[in-house]
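Listed here are the chains, written in short residue letters.
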Amino acid sequence: MKITGISGSPNIGGNNERIIDLALGIAKEKGFETDKIFISQLEVSPCTDCGACKNGRECSINDDMAKLYGILENSDAFIVSSPVFFGCVSAQLKALFDRSVLLRRNGFLLKGKIGGAVAIGGSRNGGQEFTIQAIHSWMHIHGMVVVGDSAHFGGSAVKPVDSDDDGLKTVRDTVEMVCDTLTRMGK
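Residues numbered from 1 in each chain as written. Predicted model: local features only at pLDDT ≥ 70, side-chain atom pairs only at ≥ 80, totals over all residues. Heavy atoms only, no water.

## A look at the layout of surface pockets
Part 1 of the reasoning: Of the voids in this model, the largest pocket is the one considered here, and its volume is about 350 Å³.
Part 2 of the reasoning: If you go around the largest pocket, you meet 17 residues; those closest to its centre are Arg-124, Gln-128, Glu-129, His-152 and Ser-156.
Part 3 of the reasoning: Every element with two or more residues in the lining of the largest pocket is listed here: helix H5 (128–141) and helix H6 (165–185).
Part 4 of the reasoning: With four residues, H5 is the single largest residue contributor to the lining of the largest pocket. (1 Å grid on protein atoms, 1.4 Å probe; cavity = no way out; pocket = protein on both sides within 12 Å on 5 of 7 lines; lining within 4 Å. Points joined across faces, edges and corners; volume = space filled by probe spheres on them. Helix = DSSP H or I, 4+ residues; strand = E, 2+ residues; numbered from the N terminus.)

## Structural notes on unusual backbone geometry
Part 1 of the reasoning: In this model, Lys-159 is joined to Pro-160 through a cis peptide bond whose omega is -5°.
Part 2 of the reasoning: If you check the backbone angles, Asp-49 has positive phi at about 50° while not being a glycine.
Part 3 of the reasoning: With respect to the helices and strands, the residue Asp-49 is situated in the loop between strand E2 (33–38) and helix H2 (65–73).
Part 4 of the reasoning: On the accessibility criterion, Asp-49 (53% relative accessible area) is exposed.
Part 5 of the reasoning: In this structure, Phe-86 is a non-glycine residue whose phi angle is positive, near 50°.
Part 6 of the reasoning: The residue Phe-86 is located in the loop between strand E3 (77–83) and helix H3 (91–99) in this model.
Part 7 of the reasoning: The exposure class assigned to Phe-86 is exposed, which follows from its relative accessible area of 89%. (Buried < 20%, exposed > 50% of the residue type's maximum accessible area, 1.4 Å probe, protein only.)

## Remarks on the packing of aromatic side chains
Part 1 of the reasoning: Within this structure, the stated rule accounts for two aromatic pairs.
Part 2 of the reasoning: Centroid distance Phe-78 to Trp-138: 6.3 Å. Interplanar angle 70°. Geometry classified as edge-to-face. With a gap of 60 residues between them, Phe-78 in strand E3 and Trp-138 in helix H5 connect regions that are remote in the sequence. With respect to class, Phe-78 is no different from Trp-138; both count as buried.
Part 3 of the reasoning: Relative to Trp-138, the ring of Phe-97 lies with its centre 4.4 Å away and its plane at 10°, an arrangement referred to as stacked. Residue Phe-97 is located in helix H3, and its partner Trp-138 is located in helix H5; the two are separated by 41 residues in the primary sequence.
Part 4 of the reasoning: Here the aromatic cluster, defined as three or more aromatic residues joined through ring pairs, consists of Phe-78, Phe-97 and Trp-138. (Phe/Tyr/Trp six-rings, centres within 6.5 Å; stacked < 30°, edge-to-face > 60°.)

## Some details on H2
Residue pairs three or four apart in sequence face the same way in an α-helix, which turns once every 3.6 residues.
Part 1 of the reasoning: Regarding H2, the residues found buried are Met-65, Leu-68, Tyr-69 and Leu-72. With its buried residues spanning 115° around the axis, H2 presents them on a single face. Seen from the open side of H2, the exposed residues pointing more than 90 degrees away from its buried face are Ala-66 and Lys-67.
Part 2 of the reasoning: At its buried positions, H2 is contacted by strand E1 (2–7), E2, E3, H3 and helix H4 (101–105). (Arc of directions from axis to C-beta. Contact = heavy atoms within 4.5 Å.)

## Observations concerning the pairing of strand E6 (residues 155–158)
Part 1 of the reasoning: On E6, burial covers both faces: Gly-155 and Ala-157 on one face and Ser-156 and Val-158 on the other are all buried.
Part 2 of the reasoning: Judged from the four bridges that link them, strand E4 (residues 114–121) and E6 form a sheet pairing that is parallel. Across the sheet, residue Ala-119 finds its bridge partner in E6, namely Ser-156. (Pairing = 2+ DSSP bridges.)

## Quick word on the pattern of salt bridges
Here the idea is simple: oppositely charged side chains can pair when their charged atoms come close.
Part 1 of the reasoning: In this structure the tally under the stated criterion is eleven salt bridges.
Part 2 of the reasoning: One salt bridge in this structure joins Asp-35 and Lys-2, with 3.9 Å as the shortest N-O distance. Taken together, the positions of Asp-35 in strand E2 and Lys-2 in strand E1 put the pair 33 residues apart, joining distant regions of the chain.
Part 3 of the reasoning: A salt bridge links Asp-21 to Lys-36; the nearest nitrogen and oxygen atoms lie 2.9 Å apart. (Salt bridge = Lys/Arg side-chain N within 4 Å of Asp/Glu carboxyl O.)

## Let's talk about the nonpolar core
Part 1 of the reasoning: Ranked by size, the top nonpolar core spans 27 residues in total, and within it Leu-72, Val-80 and Ile-135 carry the most contacts.
Part 2 of the reasoning: Contributing elements (two or more residues each) for this core: H2, E3, H3, H4, E4 and H5.
Part 3 of the reasoning: Beyond its immediate stretch of four places on either side in the chain, Leu-72 contacts Ile-6, Ile-37, Met-65, Phe-78, Leu-103, Leu-110 and Lys-113.
Part 4 of the reasoning: The next biggest cluster of nonpolar side chains, apart from the first, holds 23 residues, and it includes Ala-27, Ala-77, Val-118 and Val-171. (Core = buried A, V, L, I, M, F, W, Y, C linked by side-chain atoms within 4.5 Å.)

Any link to function would need more than the numbers given here.
Below, the structure is given as structure tokens:
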């Protein structure tokens, strides 16, 4: 079973990438195969709603998203992390979400997969819940099974994450819930 971590931050080596590395480390310790998508290392252009993907599994935009479709489709679960940019997910992550419509239009290929969300803000109440809600909405639209941190919505941290013990606990709890749910469902 494979868990893919997605960092929606445009910043290389930043808080979101460190959180995804932490999350995937926990998953590996539990015996899961892992993969990661760091949006900071990719070019994913916004969707133009041209409709090309309604007639097949090809997007008319030639960029790195072409190689992400297979990673997304072949994963059993996701842990998605985004910085809070003006109260919501980053534009870069939103572009990936919008472009994933190809997978929905071609048989709901993410349906039934497990998903957990993490948001990292500049302050304790910096928009993390709205950001997590946006990530959850993407997951629900694909028909995924959405889990939280066993007490709330998911991982909610403050930068710098390395010194946010309370936030790191919610992240770890979210990863544990993703792993436990995936195991229970026997994907």
